[in-house]
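# Structural characterization, general
Read off the chains here:
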Amino acid sequence: MNPMYHPVAMPMQMPGMPMAPGMGYPQQQQDGPMGPTTDIPNPIGGPGEESYIENILRFNHGKIATIYLTFENNSQWNAKVVRGRIETAGRDHIIISDPQTGKRYVFQMINLDWIEFDGPIVYIAPKLPASVQGQLTQG
C-alpha cells in the first residue's frame, strides 16, 4: 500500500433516501491562489493571508534584499549570497531580479536561510483569537 495514500471513508446513502445535510461528500475549502486565506488587512487591498515567508516577501515586492541560500551536497558551492529585487514568491520558490542586468532568478524556498533588507519592511501580524491575544498583551 502506498504510504502517501490516505483513504477517506465516505457516507453510505440508501437508494431512494435523501442525504441529511452535512452527510455528503466533504466540501473542498475555497482557497486563494496560494492557499487558504484569513481576514488580515492587506496593504495592497483585499483580504490578507497568514504570516508565511512567501506572503512577507510578496508584501515587500520591489524592495532590494540580500538572500542567503545553502545547497546541501553541492561540490561546487555549498552556500550562495544573492542581492536583488524581490519580484514575487510562492510556497516553494522566490523570484528575484538583478537590478543591473535585469536577469531574473528562481530559487527554491528549501534552500533559503534568511533574507536581509536595507530598510523597513511591510509586515502584517497574523490575526490571533481574542483569548490568545489577551494572554500576549497581559504582563
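Further up the page is the structure itself.
Residues numbered from 1 in each chain as written. Predicted model: local features only at pLDDT ≥ 70, side-chain atom pairs only at ≥ 80, totals over all residues. Heavy atoms only, no water.

## Description of the overall build of the protein chain
In terms of regular secondary structure, the protein chain is built from two helices and five strands. Within the protein chain, buried positions represent 22% of all 139 residues. Excluding contacts between residues fewer than 6 apart, the proportion of contacts in the protein chain whose partners are at least 24 apart in sequence is 44%. Accessible area of the protein chain: about 10,700 Å², with a carbon and sulfur share of 57%. (Helix = DSSP H or I, 4+ residues; strand = E, 2+ residues; numbered from the N terminus. Buried < 20%, exposed > 50% of the residue type's maximum accessible area, 1.4 Å probe, protein only. Contact = heavy atoms within 4.5 Å. Areas by Shrake-Rupley, 256 points an atom, 1.4 Å probe, with all protein chains shown as cover.)

## Notes on the nonpolar core
Ranked by size, the top nonpolar core spans 13 residues in total, and within it Ile67, Leu69, Ile86, Ile94, Ile96 and Phe107 carry the most contacts. When contributions to this core are tallied by element, the ones reaching two or more residues are β1 (64-70), β2 (79-89) and β3 (93-97). Once residues lying within four places of it in the same chain are set aside, the contact partners of Ile67 are Lys80, Val81, Val82, Ile86, Ile96, Leu112, Trp114 and Ile115. (Core = buried A, V, L, I, M, F, W, Y, C linked by side-chain atoms within 4.5 Å.)

## Some words on the pairing of β3
Alignment of β2 against β3, held across four bridges, turns out to be antiparallel. Bridge pairing in β3 links Arg85 to Ser97. One ladder, built from five bridges, connects β3 with strand β4 (residues 104-108); its direction is antiparallel. Pairing of Ile96 across the sheet is with Tyr105, part of β4. (Pairing = 2+ DSSP bridges.)

## A word on unusual backbone geometry
With a phi angle near 60°, Asn73 is a residue other than glycine that sits in the positive phi range. Accessibility expressed as a relative area gives 75% for Asn73, which makes it exposed.

## What to know about the packing of aromatic side chains
As enumerated under the stated definition, the model contains three aromatic pairs in all. Their ring planes at 20° and their centres at 4.3 Å tell us that Tyr68 and Trp114 sit as a pair that is stacked. Of this pair, Tyr68 sits in strand β1 while Trp114 sits in strand β5 (residues 112-117), and the two are 46 residues apart along the sequence. Overall, the relative accessible area of 18% leaves Tyr68 in the buried class. Given a relative accessible area of 43%, Trp114 falls into the partly exposed group. With a centroid separation of 4.6 Å and 80° between ring planes, the pair formed by Phe71 and Trp77 is classed as edge-to-face. Assessed through its relative accessible area of 13%, Phe71 is described here as buried. One residue, Lys80, lies across the ring of Trp77, its end atom 5.1 Å from the ring centre. (Phe/Tyr/Trp six-rings, centres within 6.5 Å; stacked < 30°, edge-to-face > 60°. Lys NZ or Arg CZ within 6 Å of the ring centre and 35° of its normal.)

## Points about the pattern of salt bridges
Taken as a whole and assessed by the stated rule, the structure comprises two salt bridges. Of the charged contacts in the structure, one is a salt bridge between Asp118 and Arg83, with a shortest N-O distance of 2.3 Å. One end of the pair, Asp118, is in the loop between β5 and α2 (130-137); the other, Arg83, is in strand β2, and 35 residues separate them in sequence. Linking Glu87 and Arg104 is a salt bridge whose minimum nitrogen-to-oxygen distance equals 4.0 Å. Here Glu87 is found in strand β2, whereas its partner Arg104 is found in strand β4, with 17 residues between them in sequence. Residue classification places Glu87 among the buried positions, given a relative accessible area of 19%. (Salt bridge = Lys/Arg side-chain N within 4 Å of Asp/Glu carboxyl O.)

Don't take any of this as a statement about function, it's just geometry.
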